[in-house]
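Architecture and fold: a report
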Amino acid sequence: MEPFTAGLISLEDAQQKMLQQLTPISDSLSVSLFEAAGRITAKPVTSPLDVPPFDNSAMDGYALRLSDISPEHVFPVAGKAFAGAPFNGEWPAGSVIRIMTGAPIPAGCDAVVMQEQTEQRAGGIALTAAVTPGQNIRRIGEDIQAGKQVLEAGVRLGAAELPLLASLGIAEVSVLRKLRVAIFSTGDELQAVGQPLADGQIYDTNRFTVSLMLNKLGCEVIDLGVIADDPEALRQAFSEADRQADVVISTGGVSVGEADFTKAMLEELGVITFWKLAMKPGKPFAFGRLANSWFCGLPGNPVSATVTFYQLVQPLLATLTGQTTRIMPLRQRARAIQRLKKSPGRLDFQRGILSRGEDGVLEVRSTGAQGSHVFSSFALADCFIVLDRDRADVEPGEWVEVEVFNSLLEG
Ligand SMILES: Nc1nc2c(c(=O)[nH]1)N[C@H]1C(S)=C(S)[C@@H](COP(=O)(O)OP(=O)(O)OC[C@H]3O[C@@H](n4cnc5c(N)ncnc54)[C@H](O)[C@@H]3O)O[C@H]1N2
Ligand code: MOO
Ligand SMILES: [Mg+2]
């Protein structure tokens, strides 16, 4: 008898089939730097100026001319230069200018001596260390030259990029329009948080998870709520979502039960690219194209919906926005400190907790029960333990691959 995992496509193949169909959006708009956090650059950004914009001091000390140095010479202090208040006066031969960090270098200055390498004497200061030409001078354009490209197109603007643009005086930046993503949960059993549960009902976890992650990714979320397990209601939801969005994401009803209509709906209203992956959780994930939008059918089990969002929807959204700095999961090796149960057949994403062993190596343990309905396993975890499709149980002490959660799953 064939194992029931035969014929399932690998996550890698699924990602490839999905991503190769996509064309990044190109509509852009100009936004103020104060509203640009999380947005994606629509074109490369070049610097309008040199940084630093003028030669300036790296230290609090004294600006001097090398030709004035001689043994035991005492330098009178002829003036002061502050950041924001340059010295523009007359600078007599043999004297120094008191200078602060960031202050413009006075004309004619060859070096700055930090004040710890000087001594106060009657009538001025004396040097206590050798001086090299150019020391402690930060040169104009040393960091960035005017006209140089500082950011590529397709970069998400965050705490590393926005200050860079601010340092260049760039007040407006050209960014892509936000992706419009329509979402709905499917299931007759689903109740909204804040309402009491009737017999057989559970709370709708998935819409909460999906909208939270979409918001973090800077998408415009169109929330169509909970849709009943009813073909006509689903047909309407699919059409409404397709009219409004670039990407439609549903959860639930994508397996083979008698109230599972997602895959049939995708086939009726669009074209299916693939369905059913050799991954756990997340097997019945479906992907395809509706009339105007891409469609992702996430499995209903909350852990499965979250893992498929992370592994498939995240790269889809990054590709649609042409992101060059795609958040590819970073994998590393860790030592399992306990036995991990695993059946061959599907690539497994177990939830784990990382720590350092006494010998300094990275260790990982399981959060406990790993069922696709056990969401508490996410709240405890900080990584996925990624176990290859064909392998069986992990023995204590074995090395495994882990994927540290990125900011989508962490606070
Ligand atoms: N005969 C088979 N049965 C199932 C298979 C299979 O291969 N053969 N696959 C199983 C796997 S794996 C998964 S994953 C689930 C996927 O099910 P569906 O996508 O059809 O989702 P539902 O049946 O609607 O719900 C499954 C489960 O999750 C709960 N759920 C659904 N939506 C939500 C929500 N928004 N918030 C919280 N919980 C939700 C739902 O109540 C069910 O308990 O199928 C297996 N079955
Ligand atoms: O693939 Mo399902 O997500 O195992 O539970
Ligand atoms: Mg089902």
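Because the structure is a prediction, the values reported are computed rather than measured.

Remarks on a nonpolar patch on the surface
On the surface, Val193, Leu197 and Tyr203 cluster together into a nonpolar patch covering about 290 Å² of accessible area. Note on placement: Tyr203 falls in strand β15 (residues 202–203).

So, the layout of surface pockets
In this structure, the largest pocket occupies an estimated 380 Å³ of space. Around the largest pocket sit 17 residues that line it, and Leu11, Glu12, Gln15, Arg331 and Leu347 are the ones nearest its centre. Breaking the lining of the largest pocket down by element, the ones donating at least two residues are α1 (11–19), α6 (302–320) and β26 (399–404). No other element matches the four residues that α1 contributes to the lining of the largest pocket. Looking at the lining of the largest pocket residue by residue, the class counts come to eight nonpolar, three polar and six charged.

Quick word on the sheet that holds strand β5 (residues 77–81)
Sheet architecture is open: four strands sit in the order β5-β6-β4-β7, paired in mixed fashion. Of all strands in the sheet, those bounded by a partner on one side alone are β5 and β7 (111–114). Strand-to-strand twist of the sheet, defined as the mean angle between neighbouring strand axes without regard to direction, takes the value 30 degrees. Bridging between strand β4 (residues 61–64) and strand β6 (residues 96–99) involves three bridges; their strand directions are antiparallel. By the bridge assignment, Ala63 is partnered in β6 with Ile97.

Re the pattern of salt bridges
Considering all chains together, one arrives at 20 salt bridges under this definition. In this structure, Glu363 engages Arg335 in a salt bridge whose closest nitrogen and oxygen atoms are separated by 2.8 Å. Of this pair, Glu363 sits in strand β24 (residues 362–366) while Arg335 sits in strand β22 (residues 331–336), and the two are 28 residues apart along the sequence. Side by side, Glu363 and Arg335 carry an identical accessibility label, which is buried. The partner of Lys341 in a salt bridge is Asp393, and the shortest N-O contact between them spans 3.8 Å. With Lys341 in the loop between β22 and β23 (347–356) and Asp393 in the loop between β25 (383–387) and β26, this pair connects stretches of sequence that are 52 residues apart. Among the residues examined, Lys341 registers a relative accessible area of 62% and is labelled exposed.

Some points on the UniProt feature "domain: MoaB/Mog" (unreviewed entry) in the protein chain
According to UniProt, the "domain: MoaB/Mog" (unreviewed entry) feature falls on residues 182–319. Secondary structure content for residues 182–319 is 37% helix and 28% strand, while the C-alpha to C-alpha distance between its ends is 18 Å.

Criteria and thresholds
Residues numbered from 1 in each chain as written. Chains lettered and ligands numbered in written order. Predicted model: local features only at pLDDT ≥ 70, side-chain atom pairs only at ≥ 80, totals over all residues. Heavy atoms only, no water. Patch = residues over 30% accessible without salt bridge, like charges linked within 9 Å, V, L, I, M, F, W, Y side chains within 5 Å. Areas by Shrake-Rupley, 256 points an atom, 1.4 Å probe, with all protein chains shown as cover. Salt bridge = Lys/Arg side-chain N within 4 Å of Asp/Glu carboxyl O. Helix = DSSP H or I, 4+ residues; strand = E, 2+ residues; numbered from the N terminus. 1 Å grid on protein atoms, 1.4 Å probe; cavity = no way out; pocket = protein on both sides within 12 Å on 5 of 7 lines; lining within 4 Å. Points joined across faces, edges and corners; volume = space filled by probe spheres on them. Nonpolar A, V, L, I, M, F, W, Y, C, P; charged D, E, K, R; others polar. Pairing = 2+ DSSP bridges. Axes fitted to C-alpha atoms, helices over the stretch in contact; angles between N-to-C directions. Buried < 20%, exposed > 50% of the residue type's maximum accessible area, 1.4 Å probe, protein only. UniProt positions renumbered as here; feature names shortened; annotations may be inferred.

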